[in-house]
Amino acid sequence: MGGPAACAPTDSPVINLSPIRSEQIEDLIRLEALTTPHPWSEAALRGSLQGGANCLLIQQDELNVGYLVVQSVEDEAELLNLVIFHPYGSQGHGRAAMLALQRRLRDAGIHTLHLEVRAANTIARTLYEKTGFTQLGVRAAYYPGSTPDEGRDDAILMCCRCA
């Protein structure tokens, strides 16, 4: 467990983070639903955008490979969602996006980035560990299962130092 780790250096693909526009949301949610068993709803993404969160497209060569949502308050931020669309996973886009986000936050005076991730999401947990995050705690049975028969999943609380 312990305190936040320093943000890791980069050797990932070159990506660009650009603001999501309202008219892009429907397509992003459709792509997310094809990618993950627990997609965000259109209302959740619209609410984040309207509520002042940073909703950013992850692009490589003007191709949308995913998106992320981060909310900041004073010198801390929380990653609310990160999605790399199928078939772009496992190509370094998630790592590149996390490192670009950490640099952007550091440049904006953000010192700590927090997140929570499903315990069963080993791919995401590995990504976060490789980009400087450490585990701070667990929220037991926090996430619902995909079906009524599926048990609840723990949330792993993580953070990294970006300054």
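One can find the structure itself at the top, above this paragraph.
Residues numbered from 1 in each chain as written. Predicted model: local features only at pLDDT ≥ 70, side-chain atom pairs only at ≥ 80, totals over all residues. Heavy atoms only, no water.

A few points about the layout of surface pockets
Taking a probe equal in size to a water molecule and rolling it over the atoms shows the remaining empty space.
Then comes step 1: When its volume is computed, the largest pocket comes out at roughly 1,300 Å³.
Then comes step 2: Every residue lining the largest pocket is counted, 41 residues in all, and those nearest its centre are Thr-36, Leu-82, Asn-121, Ala-124 and Tyr-128.
Then comes step 3: If you list the elements that add at least two residues to the lining of the largest pocket, you get β5 (76-84), α3 (93-107), β6 (112-118) and α4 (122-130).
Then comes step 4: The greatest single-element share of the lining of the largest pocket, amounting to seven residues, is contributed by β5.
Then comes step 5: Along the lines of polarity and charge, the residues of the lining of the largest pocket split into 18 nonpolar, 15 polar and eight charged. (1 Å grid on protein atoms, 1.4 Å probe; cavity = no way out; pocket = protein on both sides within 12 Å on 5 of 7 lines; lining within 4 Å. Points joined across faces, edges and corners; volume = space filled by probe spheres on them. Helix = DSSP H or I, 4+ residues; strand = E, 2+ residues; numbered from the N terminus. Nonpolar A, V, L, I, M, F, W, Y, C, P; charged D, E, K, R; others polar.)

Some points on unusual backbone geometry
Then comes step 1: The step from His-86 to Pro-87 runs through a cis peptide bond, and the omega angle for that step is 10°.
Then comes step 2: Mapped onto the secondary structure, Pro-87 falls in the loop between β5 and α3.
Then comes step 3: The phi dihedral of Glu-62 is positive, around 65°, even though this residue is not glycine.
Then comes step 4: Backbone geometry places Glu-74, a non-glycine residue, at a positive phi of 55°.
Then comes step 5: Mapped onto the secondary structure, Glu-74 falls in the loop between β4 (63-73) and β5.

Considering α3
Then comes step 1: The end-to-end C-alpha separation of α3 is 21 Å, in line with the 21 Å expected for 15 residues at 1.5 Å each.
Then comes step 2: Along α3, the positions that sit buried rather than exposed are His-93, Gly-94, Ala-96, Ala-97, Met-98, Leu-99, Ala-100, Leu-101, Gln-102 and Leu-105.
Then comes step 3: With its phi angle positive at about 90°, Gly-109 sits one or two positions after the end of α3. (Expected span 1.5 Å × (residues − 1). Buried < 20%, exposed > 50% of the residue type's maximum accessible area, 1.4 Å probe, protein only.)

Considering the side chain of Glu-116
Then comes step 1: As for its placement among the helices and strands, Glu-116 is situated in strand β6.
Then comes step 2: Polar contacts involving the side chain of Glu-116 include one to the side chain of Tyr-142, which spans 3.3 Å. (Polar contact = N/O pair within 3.5 Å; in protein donor to acceptor, adjacent residues only side chain to side chain.)

A few points about the pattern of salt bridges
Then comes step 1: Under the criterion given, the structure shown has four salt bridges.
Then comes step 2: The partner of Glu-116 in a salt bridge is Arg-139, and the shortest N-O contact between them spans 2.4 Å. With Glu-116 in strand β6 and Arg-139 in strand β7 (residues 134-143), the pair connects residues that are 23 residues apart, well separated along the chain. (Salt bridge = Lys/Arg side-chain N within 4 Å of Asp/Glu carboxyl O.)

Considerations on the environment of Ser-41
Then comes step 1: Tracing the backbone through its elements, the reader meets Ser-41 in the loop between α1 (25-33) and α2 (42-50).
Then comes step 2: Along the chain, Ser-41 and Ile-25 lie 16 residues apart, while their C-alpha atoms are 9.8 Å from each other.

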